[in-house]
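For reference, the chains in residue letters:
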Amino acid sequence: MDEEVKERKVDELAALVNGRVAGDGRVVITRIADLENAAEGTIAFVEDAKALSLAQESKASCLIVPEDNAIEGRSCIEAKHPKLAFALVAKILRPPKQNQPAIDRTAVVHETANVDASAFVGSGAYIGARAHVGAEAQIHHGVFIGDDVRIGRGCLIHPNVTVYDNVHLGERVILHAGVVIGADGFGYVRDAAGAYHKFPQVGTVEIEDDVEIGANACVDRAALGVTRIGRGTKIDNFVQIGHNVEIGERVVIAAQTGISGSTVIEDDCVIGGQVGMGDHARVQKGAIVGSKAGILPGKIVRAGSIVWGVPVRPLDEYKRINAYFGRLPQMYDELQELRRQVAEFRSQFDGMNDTDQ
Amino acid sequence: MDEEVKERKVDELAALVNGRVAGDGRVVITRIADLENAAEGTIAFVEDAKALSLAQESKASCLIVPEDNAIEGRSCIEAKHPKLAFALVAKILRPPKQNQPAIDRTAVVHETANVDASAFVGSGAYIGARAHVGAEAQIHHGVFIGDDVRIGRGCLIHPNVTVYDNVHLGERVILHAGVVIGADGFGYVRDAAGAYHKFPQVGTVEIEDDVEIGANACVDRAALGVTRIGRGTKIDNFVQIGHNVEIGERVVIAAQTGISGSTVIEDDCVIGGQVGMGDHARVQKGAIVGSKAGILPGKIVRAGSIVWGVPVRPLDEYKRINAYFGRLPQMYDELQELRRQVAEFRSQFDGMNDTDQ
Amino acid sequence: MDEEVKERKVDELAALVNGRVAGDGRVVITRIADLENAAEGTIAFVEDAKALSLAQESKASCLIVPEDNAIEGRSCIEAKHPKLAFALVAKILRPPKQNQPAIDRTAVVHETANVDASAFVGSGAYIGARAHVGAEAQIHHGVFIGDDVRIGRGCLIHPNVTVYDNVHLGERVILHAGVVIGADGFGYVRDAAGAYHKFPQVGTVEIEDDVEIGANACVDRAALGVTRIGRGTKIDNFVQIGHNVEIGERVVIAAQTGISGSTVIEDDCVIGGQVGMGDHARVQKGAIVGSKAGILPGKIVRAGSIVWGVPVRPLDEYKRINAYFGRLPQMYDELQELRRQVAEFRSQFDGMNDTDQ
């Protein structure tokens, strides 16, 4: 590989993450690694006290460790949150590749498009009429940017992405390969003869700063208004965001989840993988939705709650019910045994009463 | 934006949708909108009587309302089915963008391909050997059209779609970005050593007129015969259609549903999102399958039925069973209490009989 | 179509599959077909004795039949495993199309890339710096091959695939259209203010020989190590393979299944469609996981077991519990009836004892 090597001393890295150096701070670090595969010149991290024994044997030249857990004789950085510190260090030592400003000769840029001089437009990409591509944006191979699209500063658009007309992306948005933003929402009206007519899908999509969207995910344009994804939200591969959906800030959505039209997910929610949400539902601030959950149309998931199952229930209830679900055969057998006992009892009792008479 | 403005009088639009004008029919309409965001010159619709109060405050210049619900002092069109009327009006006022006939200089068209002079072929598209592209078809950026493919009149193929060899599309078919038509079906045969050999996937795909397929969806080619999608069927994003599947006319399939090999879905069915269907199943005419349902291989879903759950059951039964599912902890407690009572009873009864003797 | 016609005598084909000729071995076969659509010159297969009656009416010129099931008066090949024999015959009569070695004039090949002279690079494809494309590999239209990628001999990369930097593919790997290999895994670390920071996703992906990956599927790069897919494994459309996942050899994974980070699937497993696996789970050698199953994070599925449901249970148990699940309303009614009887009984019993005193 051809990447420019970044070099930092342990002292510098510690300062960067507000960590405390224990051991030699002058050690030079050039690469990141995990504990097992670490070699001379690398920095690795120890997530918690349990991982410390593994750390002893690591060949990393520097270890980021939990506070008060420095290892005797090793160069360490003590940090409150070692994994976070490691992520911040990685941004310095292993920054994303930045292509030089250029428009590839095989790219097609509409004469009315406005591409910043510091942007990169790769091979076979297309930039539409009146589109705006901001400073230091990178538009990779084969990407289609439609008419009137706005791509903010520092966006990273991976190969073969499609952005339909009129979509707006904020700054530093990352779209992975194969993402489709702004395709028509799924809305039809049936006539008396049974034929489906397309309901107009002429709204748009707005994606705010620092959103990242995984490979082959889709965000549909609104029918008439705006489909919106809030700042700092992270969306995994294959997620389907329907028309007119509104997603707040700092929401995390795992792979293969689907969100139907006009549903709202408020700030700071965490949504598992393969979740399905019906239309016009609302997941309130900070709620957590377990993987494979199903949310019915119009359902409200309360702020801060944790829900699971199809349809969703509070996690405690879900766990309790599922425990009994596993005991169903036993319950059935007990029930039949009881029925037998009660019938036998009845017959003895009636017999006794007969005797009494 | 650069779209040509369409202008129609309310009288003209009413005639178009068989509606009745109430109020001023000479008002000029140029755009569509929803009630909340409507402005001067727009037309909006009122779905039902409940929405009428919202309509009072709308700034739309014309409202499409349910019959006998015209609003005093406003320009209205009374229609039997306002949402449908609105969809039809939108087709006139906001028609899909139609690119001028052209073949982009960066497109590659095989010398034996037959592209109609009225068609559009965008930047970086490829048209294969002996392929046929019909009149007014639009093949957008980066699309791959394989050898011997047939694209009917008026088709709209969005960017970065892949159509493998030998696939046939009817007229006015819409394929959204990232769609893949005609990839190999998933079929292998295992040998004695455990290795998998590809079962031949050499059939094809036929998609009939007026089908629309959502972004990143896939329709696999048949192993030996034809995978077929009937006229007027609408398929949402991420839907997976396996090899040799047959889908009838006017079927609707929501996002992320998967249909395994050789399954048949008859006309007029409605299939929810994230449904899974095993192979060789059959969903008969007009059936409705709820979101996240699972249909076992070979299962027949009866015509006109509504099914739900994994595995599917009639909706009524599904609802009833699920209600009891939620009461499982209570049932368990009741059962244990009964067992206690019966045991106590038994002991009293036996004691009494001992006394009797 | 323009395919070169392959011609083989029944005798030759029988030798190829270790079959026994019954009837005329000199019949010339040029095409494969299924029983129903077979015509003069075709070969078809009869999977088992049940299908023999259908075979009687088939117009195929040769039938591959189970051993000791040759049909009187027809040219037959008796084979131990007719479907496998048919698959092998199909490889000869209907081999995959092989494009002539060439680099399309619209492709962009980095000056430091190494493309074998026998490889094909299609229109609008891109080959990155220091990438290696092996002998007879076919890189189709619009494909992006990143820097330092290695594509082995005989790989077939369908249109609009994206392979990120540093990924390695073995020999004869097939990637269908829209596949994305090596996109960033989904990993973030939250800071005290609630913002998500990207955990470094700087590992890679290794895909071994003879793997086939279906359309629009994704395999994410490892955070720090390697995401690996073993030799001979077959993956269907829309499958999501998370970062650091390890999949063994000869594993089959059906469509729309998602596998979270660091999960391991050992050799010879069969995974159904729409399955979800949490992170750090392990599916041991030869296990079978039913469609729509859900595997919790960290769960171990035992070697050779068959599991089903959410969360997974052994198939026998799953079936038993589900049978009782269907009887829940009946159980509830029985339970209430028993409660009534016991209460009545209690009242009679207490009354009798009162009498006795």
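Residues numbered from 1 in each chain as written. Chains lettered and ligands numbered in written order. Predicted model: local features only at pLDDT ≥ 70, side-chain atom pairs only at ≥ 80, totals over all residues. Heavy atoms only, no water.

## Brief notes about the overall build of chain A
Part 1 of the argument: The helix and strand tally for chain A stands at five helices and 41 strands.
Part 2 of the argument: Over its C-alpha atoms chain A spans a radius of gyration of 29 Å, topping by over 25% the 21 Å that the globule rule assigns to 357 residues.
Part 3 of the argument: Overall, chain A is about 105 × 75 × 30 Å in size when its C-alpha atoms are taken along their principal axes.
Part 4 of the argument: Among the 357 residues that make up chain A, the fraction classed as buried is 58%.
Part 5 of the argument: Residue pairs in contact within chain A that sit at least 24 positions apart in sequence constitute 18% of those at least 6 positions apart.
Part 6 of the argument: On chain A, roughly 14400 Å² of surface is accessible, and the fraction owed to carbon and sulfur atoms is 48%.
Part 7 of the argument: When the 38 positive and 49 negative side-chain charges of chain A are each reduced to one mean point, those points stand 1 Å apart. (Helix = DSSP H or I, 4+ residues; strand = E, 2+ residues; numbered from the N terminus. Rg over C-alpha atoms; globule rule 2.2 N^0.38 Å. Buried < 20%, exposed > 50% of the residue type's maximum accessible area, 1.4 Å probe, protein only. Contact = heavy atoms within 4.5 Å. Areas by Shrake-Rupley, 256 points an atom, 1.4 Å probe, with all protein chains shown as cover. Lys, Arg positive; Asp, Glu negative; His and termini not counted. Charge placed at Lys NZ, Arg CZ, Asp CG, Glu CD.)

## Quick notes on a nonpolar patch on the surface
Part 1 of the argument: Taken together, the side chains of V270(B), I288(B) and I306(B) define a hydrophobic patch exposed on the protein surface, amounting to about 190 Å² of accessible area.
Part 2 of the argument: Tracing the sequence through the fold places V270(B) in strand β34 (residues 270–271). (Patch = residues over 30% accessible without salt bridge, like charges linked within 9 Å, V, L, I, M, F, W, Y side chains within 5 Å. Salt bridge = Lys/Arg side-chain N within 4 Å of Asp/Glu carboxyl O.)

## Quick notes on the pairing of strand β24 (residues 204–207) of chain C
Residues and elements named next belong to chain C.
Part 1 of the argument: Two elements, strand β19 (residues 168–169) and β24, share two bridges in a ladder whose sense is parallel. When the sheet's bridge partners are listed, H168 is paired in β24 with E206.
Part 2 of the argument: Here β24 pairs with strand β27 (residues 226–229) via four bridges, running parallel. Looking at the pairing, E206 lines up with R228 of β27. (Pairing = 2+ DSSP bridges.)

## Notes on empty space enclosed by the protein
Part 1 of the argument: The tally for this structure, following the rule as stated, stands at four cavities of 30 Å³ or more.
Part 2 of the argument: Taken as a whole, the largest cavity spans an internal volume of roughly 110 Å³.
Part 3 of the argument: Lining the largest cavity we find 19 residues, and of these G178(A), N160(B), G178(B), N160(C) and G178(C) sit closest to its centre.
Part 4 of the argument: For the lining of the largest cavity, a count of residues per class yields seven nonpolar, twelve polar and no charged. (1 Å grid on protein atoms, 1.4 Å probe; cavity = no way out; pocket = protein on both sides within 12 Å on 5 of 7 lines; lining within 4 Å. Points joined across faces, edges and corners; volume = space filled by probe spheres on them. Nonpolar A, V, L, I, M, F, W, Y, C, P; charged D, E, K, R; others polar.)

## Side note on helix α3 (residues 82–93) of chain B
Part 1 of the argument: Relative to the 16 Å expected for twelve residues at 1.5 Å per residue, α3(B) spans 16 Å between its end C-alpha atoms, a close match to the ideal helical length.
Part 2 of the argument: Regarding α3(B), the residues found buried are P82(B), L84(B), A85(B), F86(B), A87(B), V89(B), A90(B) and L93(B). (Expected span 1.5 Å × (residues − 1).)

## So, helix α4 (residues 315–326) of chain C
In an α-helix, one turn spans 3.6 residues; hence positions three or four apart end up facing the same way.
Part 1 of the argument: Under the 1.5 Å per step criterion, the end-to-end length of α4(C) is 17 Å for twelve residues, consistent within 8% with the ideal 16 Å.
Part 2 of the argument: Among the residues of α4(C), L315(C), Y318(C), I321(C), N322(C), Y324(C) and F325(C) are the ones counted as buried.

## Looking at the sheet that holds strand β16 (residues 150–151) of chain C
The strands making up a sheet associate through hydrogen bonds between their backbones, and the pairing can be parallel or antiparallel.
Part 1 of the argument: Read across the sheet, ten strands follow the order β10-β13-β16-β19-β24-β27-β30-β33-β36-β39 (chain C) without closing on themselves; strand pairing throughout is parallel. Single-partner strands in this sheet number two, and they are β10 (114–115) and β39 (300–301) of chain C.

## Thoughts on the interface of chain C and chain A
Part 1 of the argument: Facing the 72 residues of chain C at the interface are 64 residues of chain A.
Part 2 of the argument: Here chain C meets chain A over a buried area of about 5400 Å², counting both sides, of which 65% is carbon and sulfur.
Part 3 of the argument: Per-residue buried area on chain C facing chain A is highest for F186(C), Y196(C) and F345(C); these three make up 13% of the total on that side.
Part 4 of the argument: Linking chain C with chain A are six salt bridges.
Part 5 of the argument: Of the charged contacts, one joins D268(A) and R190(C) as a salt bridge, the two residues approaching to 2.5 Å between their closest N and O atoms.
Part 6 of the argument: For the side of chain C that touches chain A, the secondary structure elements donating two or more residues are β22 (188–190), β23 (196–198), α4 and α5 (328–356) of chain C.
Part 7 of the argument: When the residues that make up the side of chain C that touches chain A are grouped by side-chain class, the tally is 38 nonpolar, 19 polar and 15 charged. (Buried area = accessible area lost by both parts, 1.4 Å probe.)

## A look at the sheet that holds strand β26 (residues 218–219) of chain C
Residue and element names in this part refer to chain C.
Part 1 of the argument: One open sheet accounts for ten strands, arranged β9-β12-β15-β18-β21-β26-β29-β32-β35-β38; its pairing is parallel. Single-partner strands in this sheet number two, and they are β9 (108–109) and β38 (294–295).
Part 2 of the argument: The pairing of strand β32 (residues 258–259) with strand β35 (residues 276–277) spans two bridges and is parallel. Note on β35: the bridge partner recorded for G258 is G276.

## Focus: the pattern of salt bridges
Charged atoms that come close allow side chains of opposite charge to pair.
Part 1 of the argument: Taken as a whole, this structure holds 63 salt bridges over all chains when the rule is applied.
Part 2 of the argument: Across the pair R346(A) and E344(C) runs a salt bridge whose closest N-O atoms are separated by 3.1 Å. Residue R346(A) is located in helix α5 (residues 328–356), and its partner E344(C) is located in helix α5; the two belong to separate chains.
Part 3 of the argument: Exposure remark for E344(C): the relative accessible area of 34% places this residue in the partly exposed category.
Part 4 of the argument: With its nearest N and O atoms 2.9 Å apart, the salt bridge here joins E337(B) to R340(B). One end of the pair is E337(B) and the other is R340(B), both in helix α5 (residues 328–356) and three residues apart, which spans about a single turn.
Part 5 of the argument: According to the relative accessible area criterion, R340(B) is partly exposed, its value standing at 44%.

## Here we look at the interface of chain C and chain B
Part 1 of the argument: Facing the 65 residues of chain C at the interface are 71 residues of chain B.
Part 2 of the argument: A buried area of about 5400 Å², summed over both sides, lies between chain C and chain B, and 65% of it is on carbon and sulfur atoms.
Part 3 of the argument: Counting every contact that joins chain C to chain B gives six salt bridges.
Part 4 of the argument: In this structure, the salt-bridge partner of E334(B) is R339(C), at a minimum N-O distance of 3.1 Å.
Part 5 of the argument: Among the elements of the structure, α3 (82–93), β28 (234–235), β31 (252–253), α4 and α5 of chain C are those that each provide at least two residues to the side of chain C that touches chain B.
Part 6 of the argument: Top element by residues in the side of chain C that touches chain B is α5(C). It accounts for 16 residues.
Part 7 of the argument: Classifying every residue of the side of chain C that touches chain B gives 31 nonpolar, 16 polar and 18 charged.

## Regarding the relation of the copies chain C and chain B
Part 1 of the argument: Mapping chain C onto chain B is achieved by rotating through 120 degrees and translating by 0.1 Å along the same axis, at an RMSD of 0.2 Å. Such values leave the two copies arranged in the relation of a three-fold axis. (Least-squares fit on C-alpha atoms with pLDDT ≥ 70 in both.)

## Overview of the environment of S305(B)
Residues and elements named next belong to chain B.
Part 1 of the argument: If you trace the backbone, S305 turns up in the loop between β39 (300–301) and β40 (306–308).
Part 2 of the argument: Distance in space between the C-alpha atoms of S305 and A22 is 41 Å, their sequence separation being 283 residues.
Part 3 of the argument: Filtering out sequence-adjacent residues up to four positions away, S305 remains in contact with A287 and I288.
Part 4 of the argument: Polar contacts involving the side chain of S305 include one to the main-chain carbonyl oxygen of R302, which spans 2.6 Å. (Polar contact = N/O pair within 3.5 Å; in protein donor to acceptor, adjacent residues only side chain to side chain.)

## Details of unusual backbone geometry
What you tend to see is this: most non-glycine residues have negative phi, and most peptide bonds are trans.
Residue and element names in this part refer to chain A.
Part 1 of the argument: The omega torsion of the bond from V310 to P311 falls at -10 degrees, within 30 degrees of zero and hence cis.
Part 2 of the argument: Tracing the chain through its elements places P311 in the loop between β40 (306–308) and β41 (313–314).
Part 3 of the argument: Not every positive phi belongs to a glycine, and R172 is a case in point at roughly 55 degrees.
Part 4 of the argument: Secondary-structure assignment places R172 in the loop between β19 (168–169) and β20 (174–175).

## Focus: the packing of aromatic side chains
Part 1 of the argument: For the structure shown, the criterion picks out 33 aromatic pairs over all chains.
Part 2 of the argument: Judged by centre distance (5.7 Å) and plane angle (85 degrees), the rings of F325(A) and F325(B) are edge-to-face. One end of the pair, F325(A), is in helix α4 (residues 315–326); the other, F325(B), is in helix α4 (residues 315–326), on a second chain.
Part 3 of the argument: Judged by its relative accessible area of 13%, F325(B) falls in the buried class.
Part 4 of the argument: Ring geometry for W308(C) and Y318(C): centres 6.4 Å apart, planes at 45 degrees, overall tilted. In this pair, W308(C) sits in strand β40 (residues 306–308) while Y318(C) sits in helix α4, placing the two residues ten residues apart along the sequence.
Part 5 of the argument: Of the residues examined, Y318(C) reaches a relative accessible area of 14% and is grouped as buried.
Part 6 of the argument: Among the aromatic residues, those joined into a ring-pair cluster are F45(A), F86(A) and F199(C).
Part 7 of the argument: It is K83(A) that lies over the ring of F199(C); its NZ or CZ is 5.1 Å from the centre. (Phe/Tyr/Trp six-rings, centres within 6.5 Å; stacked < 30°, edge-to-face > 60°. Lys NZ or Arg CZ within 6 Å of the ring centre and 35° of its normal.)

## Some thoughts on the state of the cysteines
Part 1 of the argument: Overall, the coordinates contain zero disulfides over all chains when judged by the stated rule.
Part 2 of the argument: Looking at C76(B), it has no disulfide partner, and the nearest cysteine sulfur is the one in C62(B), 6.5 Å off. (Disulfide = S-S within 2.5 Å.)

## So, the side chain of S58(B)
Residues and elements named next belong to chain B.
Part 1 of the argument: Mapped onto the fold, S58 is located in the loop between α2 (52–57) and β6 (62–66).
Part 2 of the argument: By relative accessible area, S58 is classed as buried at 6%.
Part 3 of the argument: Here the side chain of S58 touches A60 through a polar contact of 3.2 Å, landing on its backbone nitrogen.
Part 4 of the argument: Leave out the neighbours within four places in its chain, and S58 touches L35, A38, L63 and R74.

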